[in-house]
Every structure is written in C-alpha cells, then in structure tokens.
Amino acid sequence: MDTVIKTRNLVKRFGRVQALDGLDLKVSAGEVHGFLGPNGSGKSTTIRVLLGLARSSSGSAAVFGQDPWNDAVELHRRIGYVPGDVNLWPNLSGGEAIDLISRLRGGTADKAYYAARKSRLTEVFQFDPTKKGRTYSKGNRQKVALIAAFATPAELYILDEPTSGLDPIMEAVFNQEIAHAAAAGSTVLLSSHILSEVEQLCSRVTIIRAGRTVESGSLAELRHLTRTEISFAAEGISQEQLAHIPASHDLTVAAGRVRFSVGSDKINAVLPVLATLDVQGLTVNPPSLEELFLRHYGEELAADGVKATAR
Amino acid sequence: MSTLSVLLRQRARRDRWQLTIWIAGIGLLAVVSASAVAQTYGDYAGRENILRLAIANPSILMLRGTPQGGRLDAFVFFEIFTFLALLAGFMSTFLAVRHSRAEEESGRAEMIAATPAARTTPTVATLIHGFLANVVLGGVVALAFTAGRLDAYGSVVTGAAVAATGVCFLGVGLPAAQFMRTSRGANAVAAGAVGLAYVVRGLGDALGRPGADGIHLTPAWTSWLSPIGWGQQTGAYASNNLTPLLLSAALAAVCLVALFLLQAHRDSGASLLAGRAGRVNARGDLSGPLTLAWRLQLPTIIGWCIGGAATGLLAGTLSKLAEQAASADPTVTKVLRDMDQGGGGSVDQLLISVMFSLVGVLAAACSTQTVIRMRQEETAGTAELILTAPVDRTRWFGDYLLLGTAAIVLVLFSGAVVSSLSALAVGGDPARVGDSFAAAVAQLPAALVYLGVLALLFVLLPGLTISLGWTLVGIGVFLGFFGALLGVPEWARNLSPFTHTPVPVGGSTDWSDGAWMLVIALAAAAVAVAVMRQRELKPN
Ligand SMILES: Nc1ncnc2c1ncn2[C@@H]1O[C@H](COP(=O)(O)OP(=O)(O)OP(=O)(O)O)[C@@H](O)[C@H]1O
Ligand SMILES: [Mg+2]
C-alpha cells in the first residue's frame, strides 16, 4: 500500500522547548489514522510540520513522497485541513469564509458541483452562513473549517481535534462525513482526544507522548498489548482452583465475584481452564482504547497525583 | 467597593509599563524642550523675531501654537504645548479602548461581567484609572517644566492643561468604544477625534488675529471648538487662566453621562452600531490573498485617506493666505525655508510642502498599519487558513507589501487631489495643482522606507512588529519634525526618513535623498521577501 505520510525521527525545537523528539508516523493510503496523545505531546506541532507551516529541526517528513516545507503549495492542492482552534475574519460572514477558502483550494472550478456540496454540508451541519465571523461560537467556527475542508474533495484530510467544539449530533454528522471521505478513497489523519470517535472511525492509530511515538498499529494489534478483564461468580470455587488459572493478574475475590485480568494474547490459554472449573456468570470485557490510552497517559497522570483507574 | 479596588489594581498592574513609558516620555519631552529652547533661543530679541515671523506665517502656527509674547517660558509653551496635549489625548483614548472594547473583544470582559463586578464597575474602574494616569501626567509635566527653570505657577497651569486635555479625551474614548464593534475601529475613531482637535485648534492659530506688538496672537474662534485649544487658552506663563479648563471638564462630564446611558442599553460584547447579516456566498472578487487583504484593510485605508484629504484641504486653502502674508512680509519666506531645510521655491510652494510632510506621516502610518494587519492575521490564526491552501507564503507576504504601497499612494493622492481642488476653489494660482502633486510624490520615498523596514522587521522579529511599528513612526516624527527645534544632534535627526524627504520647489529640487530612500526601501523589501521564503508561520 502507498504511504501518504511518513516521518522518521522528526525533531522540532522551539527555542529550548523540545516539542517533537524523534517522532515516527506512517499513514498509508486510504486509511483513517487516529493520532492520539496527551495535551502538549506534539500533535498539533506534527501537523504544522506536515502542512509546511513549521519547519522540522531534524529528521525527515514526507507527504505523498514530497517535502512538506519546499513543496507546500503543490501538496496543499491535495490536502484539506481543519485547525484545532479555528479563528475567522471578524467582518467576513461564515459563508464568505467558506467560499474564500474553497476558491483558494481551487474547489470552485465546477460551480454547480461546488454549490451543491456546500449547500449539502451547510444543511447537514445545520450551519447559518450569514453571521459575521466574530459572532460565531467555537463549534460554529469549527463548522466553517469543516465545511470548507469537505466542500472541496481532497486526497488527504488533516484534522486537528476537529470535533472538540461540536455537540453529539454534530459529531455524528462529522463521523458520517469521514466515512464518506474514506469510502471515496481519501486518507485521513485525525488527531483527537475522543476515544469513542477514534475507535469508531480509525483503522490504525499512533499514540505519542512528549514528542515521541510510543505505540502504533491497527486497533486489533494494539488490543493485544492490553489486558482483558474477566470475572465470574465466586461460589464454589476454591483458592486452590484459582491458583491454577494461568497468566492472571490482579486477581481479587469480592462481593461474590472473582475478577482478574489477563494479557489479551493469552486469552486462548485461559478459557479452557475456566471451562474445566465450570464457572458461572462469566463476563469477558475486551480492552477498550481508553485502557490503552490511560496506560500511556498514566505516567503523566500519576505524576499529577491522579490514579489511572482503568488498570 | 472591593471589586472596584480589585479591578483598579488589575488595570494599574496591566498598564504599569505602558503608562510609565507614556508619562515618562512626555515628561522627558517637556524637560528637553525647555532646556533646548533656552539654549537655542536664549535672548529675548531672538525669540521676538521668531514670533514675528511665525505670526506672519500660518503654517508655523499650525504646527506650534499661540504666540503670547517673548518671555522664555511663554515661548516654550508656544512651541511645545499642543504636541504634549496631543500625546496626552492619544494616551487617554488608547487607555480607554484598551480596558473596554478590547477587553470585550477578547471575551475577558464577559468573565468580569459574570462576577459581582457587574457591568458598570469595570467602566468606573477604567475611568478612575485613566483619571489618575492623567493627574500623574499633569504632575510630571509641571515638575518637568519647573525643573527646566520655567515659572513654577505657570508650569502647574501647563500641567493642569495637559491633564485636562487627557481627561477630556478619556471621556471621548469610552463612548467611542461603546459605538464601535472592534477595538481597531474604536481606536481609530477616538484617535481621529484627537487628531481633529489638533487640526481645528491649528486652524484657529493659523487664522488668528495678531496683536499690535506683533508677538501676541488671538486665535480665531475655531480654537474654542477644540479641547487642545482650551488648554492653549489658559495662556500658561502669561495670563495663567484656568477657567477654560472647565470646558474640558464639562465635555468629559457630558461624554460620561452619555456613556452610562449607552451602557445601560447594550449587551456585553455587542455594539450600538448593530451588525448587518452577512452574505451567504462571497462576491466573485473575494478569491485570493490580495483581495482578502484589501477587504480587511479598506476601512483603515479610507480613514487615513480622509486624514490625507483633510490635510490637503488645509494646504490648498492656506497657501492662498500664505501668499498674502508673504507679500506683506518678505522675511516669512526665509522662515519657511529654514523649516523646510533649504530649497528656493515660493512661499506657497514651501507651505504646501510643509503641509504635505504631514500627509507623508499619515501615509507612513497607513503603511505601518498594513504590516501590522499582516502580523495580526498571523497571530489570530487566520493567516493559517490561507497558507494551508495552495498559497505560497512569499506570495501572501508580497500581496501585503503591494497593498501597503497602494495604501501609501492612495493617501498621498487624496491629499494632492483635495489640495489642488481647494487651492483652485479659493482662487489660488493654478500652479498649486502641480505643486500639490509634486509635494505628494516627494513623500513617497519616506513612506516606502517605513513599509520596507517594517516588513523586514515582520520577517525577522515578528513579535516586535506591532509595538516597534508605531514606535518607529513616533520616533521618526519626533526626530524629523521636532529634532531641530529641540537641538537633537544632526546624526540622530538624519535617522528619520522624514528628515530626508525632498522639498519640491520647481527646477532646483534636490531629489537625491528621495532616490536613496527608494533604494533603501526596495532593498529592505527584497531582503524581507528572500527571508520570508525560509520563514515559518509564527503565531506567537
Ligand atoms: N510556537 C511555539 N513556541 C514554543 N513552544 C511551542 C510552540 N508551539 C508548541 N510549543 C510547545 O510544544 C509542545 C507541543 O505542543 P502541541 O501544540 O503540538 O501539543 P498538542 O499535542 O497539540 O496538545 P493539545 O492536545 O493540547 O492540542 C508543547 O509543550 C507546547 O508548549
Ligand atoms: Mg493541539
């Protein structure tokens, strides 16, 4: 499969601040790639490098095999972008801003096609295009950028926390638009803090922390790195029998139930043992992305005195 | 009461450097001007001579004040008071807008309005804060002149007049902030009012009636329409009459009543000039960085063009008066020539070129604001929306330079057109048309130097664009227009582009400085474009 985005050992320094510290990111054509990491971990900085707004201090970055800094204009013809914090021109209406961006991107050449797309998006996002930039709420400013991004088809969408200001209904609309784009063969890089969104939309994710990649792969692959929670009724099960369960972690017996966790790759070894014990009321909870997430965020949270409860 | 003191402390803290610089700067100007005048015009006869020439010449009076005798301290007041009052006005209007409309724009005011401070308390706090700033300013000016060995009581009167002017414009600035939707608009309106007050009183001085001794002047009635004029009417060091300042206090009071009435009828963040619903689709011409920049800057450019046109109007109409004055007194020509650093033109040519040097300042300020707008687009994040589309960053940058050049030309052009028409309307010599356009063209290089140099600054030290931009204009005006008066050494005066503006006086005009400035402007712009190729977007 073609690689659309590839960074290797990407470093970005702002004076003494090391925003990116050897970041590796690989996004293949046609995938919706989740880009996760705690606040300040360098997601937006990576995106700015990929868009040629910032220049890497060292390491390499390529988008469609081209250099994002030197070939910025050429690349931007193929990219739709939604910033994390959308600011608009105070005295331009939302509709004018959308038209302006679309014209710059060359998306208005076919007037009828553009008008149809714009009005469909305006409708599904329930957006009022007649207000002036300064009077829009955060969510509505974000809609301007989203509509402008989707009104002109792009090969690659780079979206920096695009739903942080949207209400749940608009989030659903957004998910739909991403699905449309993916179905049309576009590649999407989606930075987000919303795990359900990532789980629903993304085929692969990259998790970064402090400017470094800590995990990358398909959701299925990453789930293997996490533990599955298992519990069943404690009645009639002896301590000795419990000791026979292989590869179990954090085993507890409380409120009439046995609980433990097991590495997701070891689950096939555990289930036959449970069958021989003839356990009742068995529940098996697959790992959530949240758990994965918290495991990587955990160290920072712990430093702040917050306990990562999902472990 | 306690919320008020919290808000007051917050304002004092936020302004501590800015106000210190304003107040100390104005105080320093007062000290320096007192000592420089004492040195340069030490003897009474010399001062009397200057006053006689000034009275015979409207354009000098326009830029200075009301002659009130040859005493040293009264002479200092004549030379510098209107400028001090102008600065006090700017200090106060900027302060008013900074703590009202700008706060609402940023959303901070909403946070305060949600606290027990409610809606009027922040305004009351701004008012007290601004009032105290002006009291301190008045005190500093009084001390500065006393330290400069001027009469102590007269110095107190001067300080009071400066402070009263400032308070009056504080009163003007606060309602302006209620009317306008943006702090940029509010600043423009309020600062425009200060500028207008300066010009109106200038008109009063220029058209005043000379006393029998030739060294006193009674300003024309227009002076009574201007808060700066009221300050002059105190006649500090001569008649020392504080009553005209009651007019300043009265105007401030009227403005404040209006302010609180207005505020009772307005939502936080809203403006009295209600916004119209915008267009659903953009007009066909809004399609690129240049048309966008044009659309964003147009109101500002129009504002500066109005300033240019107003100054042109004065130039055109005054040239006729100067003609008459000159035929009555040949020494006038010499004075004007001294002011304009040489040249051999006629009185009216010289006068037009003096007035157009003011239009040149407006043009430079307008181009400065274009570069500042570019920086604001960068910090607001709107530039990012443009530069993540297929738009080259050098092209985006170049478009702003183009816009800045167009803005300069438009300001100068509106000055030249209005000057020509008004000269013809009052029955002046048709040659004034050519003089006006020549004078306008002469201003081009200095304004372009400002554009080029600030563009280079934007590329190299973007964080300083806004603060240094205005500072450079201020320093340039100070050195170019007041440097000689205040005895600033020549090398320092030569730093100001305005010092080098050619004086077009027919065939003998020396354009070489202008040509050099063009070269400098082009070189700065070229370097800026080259560096821009390698420059990241720097939102903070
Ligand atoms: N222009 C800049 N100058 C200095 N430091 C910066 C600059 N831009 C970003 N940083 C720093 O780089 C680091 C990464 O910031 P970045 O905005 O990329 O984080 P992020 O992952 O997008 O965070 P968030 O989830 O909060 O959006 C932070 O420590 C930030 O303070
Ligand atoms: Mg971010």
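Please read all numbers here as calculations on a predicted model, not as lab measurements.

1. Concerning the overall build of chain A
(1) Moving on: Helix and strand counts for chain A stand at eleven helices and 13 strands.
(2) Moving on: Each principal axis of the C-alpha atoms in chain A carries an extent, and together these give about 75 × 45 × 40 Å.
(3) Moving on: Expressed as a percentage of its 311 residues, the buried residues of chain A come to 51%.
(4) Moving on: Taking the intrachain contacts of chain A between residues at least 6 apart in sequence as the baseline, contacts between residues at least 24 apart amount to 67%.
(5) Moving on: With the model as given, the accessible surface of chain A reaches about 13800 Å², and the carbon-plus-sulfur share is 49%.

2. Considerations on the sheet that holds strand β10 (residues 227-233) of chain A
All names here are of chain A.
(1) Moving on: If you trace the four strands from one edge of the open sheet to the other, you get β11-β12-β10-β13, paired in antiparallel fashion. Strands at the two margins of the open sheet, each flanked by one partner only, are β11 (248-254) and β13 (283-285). Taking each pair of neighbouring strands and ignoring which way they run, the sheet shows an average axis angle of 15°.

3. What to know about the domain arrangement of chain A
(1) Moving on: Each assigned domain of chain A is listed here: domain 1 (3-222) and domain 2 (227-286).
(2) Moving on: The straight-line distance from the C-alpha centre of domain 1 of chain A to that of domain 2 of chain A is 43 Å.

4. Quick word on the packing of aromatic side chains
(1) Moving on: Overall, the coordinates contain 14 aromatic pairs over all chains when judged by the stated rule.
(2) Moving on: Here phenylalanine 397 of chain B and phenylalanine 458 of chain B contribute two aromatic rings whose centre-to-centre distance is 5.9 Å and whose plane-to-plane angle is 15°, an arrangement assigned as stacked. With a gap of 61 residues between them, phenylalanine 397 of chain B in helix α17 (residues 393-425) and phenylalanine 458 of chain B in helix α18 (residues 431-460) connect regions that are remote in the sequence. Phenylalanine 458 of chain B matches phenylalanine 397 of chain B in its accessibility class, with the two residues each being buried.
(3) Moving on: Arranged with centres 6.0 Å apart and planes meeting at 65°, the rings of phenylalanine 413 of chain B and phenylalanine 437 of chain B form a pair that is edge-to-face. With phenylalanine 413 of chain B in helix α17 and phenylalanine 437 of chain B in helix α18, the pair connects residues that are 24 residues apart, well separated along the chain.
(4) Moving on: Relative accessible area serves as the criterion here: at 48%, phenylalanine 413 of chain B is assigned to the partly exposed category.
(5) Moving on: Grouping aromatic residues by their ring pairs yields a cluster made of Trp396, Phe397, Tyr400 and Phe458 of chain B.
(6) Moving on: Residue placement shows arginine 78 of chain A over the ring face of phenylalanine 64 of chain A; its charged tip is 3.8 Å from the ring centre.
(7) Moving on: The cationic tip of arginine 535 of chain B hangs over the ring face of phenylalanine 458 of chain B; the distance from NZ or CZ to the ring centre is 4.4 Å.

5. Digging into the domain arrangement of chain B
Residue and element names in this part refer to chain B.
(1) Moving on: Domain boundaries assigned for chain B yield domain 1 (1-271) and domain 2 (288-540).
(2) Moving on: Inter-centroid distance (C-alpha atoms) of domain 1 to domain 2 is 26 Å.
(3) Moving on: Contacts between the two partners involve 23 residues from domain 1 and, on the opposite side, 24 residues from domain 2.
(4) Moving on: Interface area for domain 1 against domain 2, summed over the two sides, is near 2100 Å², with a carbon-plus-sulfur share of 76%.
(5) Moving on: A per-residue breakdown of the area domain 1 buries against domain 2 is headed by Leu53, Leu63 and Arg184, which together make up 27% of the total.
(6) Moving on: Our count for the domain 1 to domain 2 interface comes out at zero salt bridges.
(7) Moving on: Here domain 1 and domain 2 share zero residue pairs in polar contact (both at pLDDT 80 or more) between them.
(8) Moving on: Residue assignment for the side of domain 1 that touches domain 2 shows that the elements contributing at least two residues are α2 (16-40), α4 (58-63), α5 (72-98) and α10 (183-206).
(9) Moving on: Residue composition of the side of domain 1 that touches domain 2, by class: 16 nonpolar, four polar and three charged.

6. What to know about the sheet that holds strand β5 (residues 79-82) of chain A
Consider a sheet: its strands pair through backbone hydrogen bonds, and that pairing is either parallel or antiparallel.
All names here are of chain A.
(1) Moving on: Overall, mixed pairing links the six strands, which are arranged β5-β6-β7-β3-β8-β9 in an open sheet. Each edge of the sheet is formed by a strand with only one pairing partner; in this case those strands are β5 and β9 (212-218). Strand after strand, the sheet turns through a mean of 15° between neighbouring axes, direction not considered.
(2) Moving on: Direction of pairing for strand β8 (residues 204-209) relative to β9: antiparallel, over a ladder of six bridges. From the neighbouring strand, isoleucine 207 faces β9, where its bridge partner is glutamate 215.
(3) Moving on: Against the sheet, helix α1 (residues 43-50) contacts β3 (32-36), β5, β6 (156-160), β7 (187-191) and β8, and its axis sits at roughly 150° relative to β6.
(4) Moving on: Lying over the sheet, helix α6 (residues 168-183) contacts β3, β6 and β7, oriented at roughly 155° with respect to β6.

7. Topic: the side chain of serine 186 of chain A
Residues and elements named next belong to chain A.
(1) Moving on: With respect to the helices, strands and loops of the structure, serine 186 is situated in the loop between α6 and β7.
(2) Moving on: Among the polar contacts listed, one links the side chain of serine 186 to the backbone oxygen of alanine 154, at a separation of 2.8 Å.
(3) Moving on: Among all residues touching serine 186, those that are not within four sequence positions of it are Gly30, Ala154, Glu155, Tyr157 and Ala181.

8. Some points on the site of ligand 1
All names here are of chain A.
(1) Moving on: In the vicinity of ligand 1 there are 14 residues, among which Gly40, Lys43, Ser44, Thr45 and His193 approach most closely.
(2) Moving on: Serine 41 places a main-chain nitrogen or oxygen 3.2 Å from an oxygen atom of ligand 1.
(3) Moving on: Side-chain polar atom of glutamate 161 to an oxygen atom of ligand 1: 3.2 Å apart, as the coordinates give it.
(4) Moving on: Burial of ligand 1 by the surrounding chains reaches 65%, relative to a free accessible area of 640 Å².
(5) Moving on: Listing elements by their share of the shell around ligand 1, those giving two or more residues are β2 (17-28) and α1.

9. Some words on the environment of aspartate 24 of chain A
All names here are of chain A.
(1) Moving on: Its location among the elements puts aspartate 24 in strand β2.
(2) Moving on: Given a relative accessible area of 41%, aspartate 24 falls into the partly exposed group.
(3) Moving on: Distance from aspartate 24 to threonine 7, taken between C-alpha atoms, is 5.1 Å for residues 17 residues apart in sequence.
(4) Moving on: At 2.7 Å, the side chain of aspartate 24 and the backbone nitrogen of asparagine 9 are in polar contact.

10. Side note on the packing of α5 of chain B against helix α9 (residues 152-179) of chain B
All names here are of chain B.
(1) Moving on: Running from N to C, α5 and α9 cross one another at 35°; their axes reach a closest spacing of 7 Å. For α5 against α9, the interelement crossing comes out right-handed. Residues Phe77, Phe81, Leu84, Ala85, Ala88, Gly89, Ser92, Thr93, Leu95, Ala96 and Val97 of α5 pack against Thr158, Ala161, Val162, Thr165, Gly166, Val167, Phe169, Leu170, Gly173 and Leu174 of α9.
(2) Moving on: Broken down by class, the residue content of the contact of α5 with α9 amounts to 14 nonpolar, seven polar and no charged.

11. Things to note about a nonpolar patch on the surface
(1) Moving on: Among the surface-exposed residues, Leu271, Leu282 and Val284 of chain A lie close enough to one another that they form a single nonpolar patch of about 210 Å² accessible area.
(2) Moving on: Using a relative accessible area of 38% as the deciding quantity, one classes leucine 282 of chain A as partly exposed.

12. Side note on the pattern of salt bridges
(1) Moving on: A full pass over the atoms with the stated rule returns 19 salt bridges over all chains.
(2) Moving on: We note a salt bridge from arginine 212 of chain A to aspartate 21 of chain A, for which the minimum N-O separation is 3.5 Å. Here arginine 212 of chain A, found in strand β9, pairs with aspartate 21 of chain A, found in strand β2; they are 191 residues apart in sequence, far enough to count as distant.
(3) Moving on: Note that arginine 78 of chain A is salt-bridged to glutamate 155 of chain A, the shortest N-O span being 2.9 Å. With arginine 78 of chain A in the loop between α2 (72-76) and β5 and glutamate 155 of chain A in the loop between α5 (138-151) and β6, this pair connects stretches of sequence that are 77 residues apart.
(4) Moving on: Overall, the relative accessible area of 39% leaves glutamate 155 of chain A in the partly exposed class.
(5) Moving on: Residues participating in the shared-partner salt-bridge network are Arg375, Glu378 and Arg535 of chain B.

What counts as what
Residues numbered from 1 in each chain as written. Chains lettered and ligands numbered in written order. Predicted model: local features only at pLDDT ≥ 70, side-chain atom pairs only at ≥ 80, totals over all residues. Heavy atoms only, no water. Helix = DSSP H or I, 4+ residues; strand = E, 2+ residues; numbered from the N terminus. Buried < 20%, exposed > 50% of the residue type's maximum accessible area, 1.4 Å probe, protein only. Contact = heavy atoms within 4.5 Å. Areas by Shrake-Rupley, 256 points an atom, 1.4 Å probe, with all protein chains shown as cover. Pairing = 2+ DSSP bridges. Axes fitted to C-alpha atoms, helices over the stretch in contact; angles between N-to-C directions. Domains from an automatic or database assignment. Phe/Tyr/Trp six-rings, centres within 6.5 Å; stacked < 30°, edge-to-face > 60°. Lys NZ or Arg CZ within 6 Å of the ring centre and 35° of its normal. Buried area = accessible area lost by both parts, 1.4 Å probe. Salt bridge = Lys/Arg side-chain N within 4 Å of Asp/Glu carboxyl O. Polar contact = N/O pair within 3.5 Å; in protein donor to acceptor, adjacent residues only side chain to side chain. Nonpolar A, V, L, I, M, F, W, Y, C, P; charged D, E, K, R; others polar. Near = heavy atom within 4 Å. Left-handed = near helix turned anticlockwise from the far one by under 90°. Patch = residues over 30% accessible without salt bridge, like charges linked within 9 Å, V, L, I, M, F, W, Y side chains within 5 Å.

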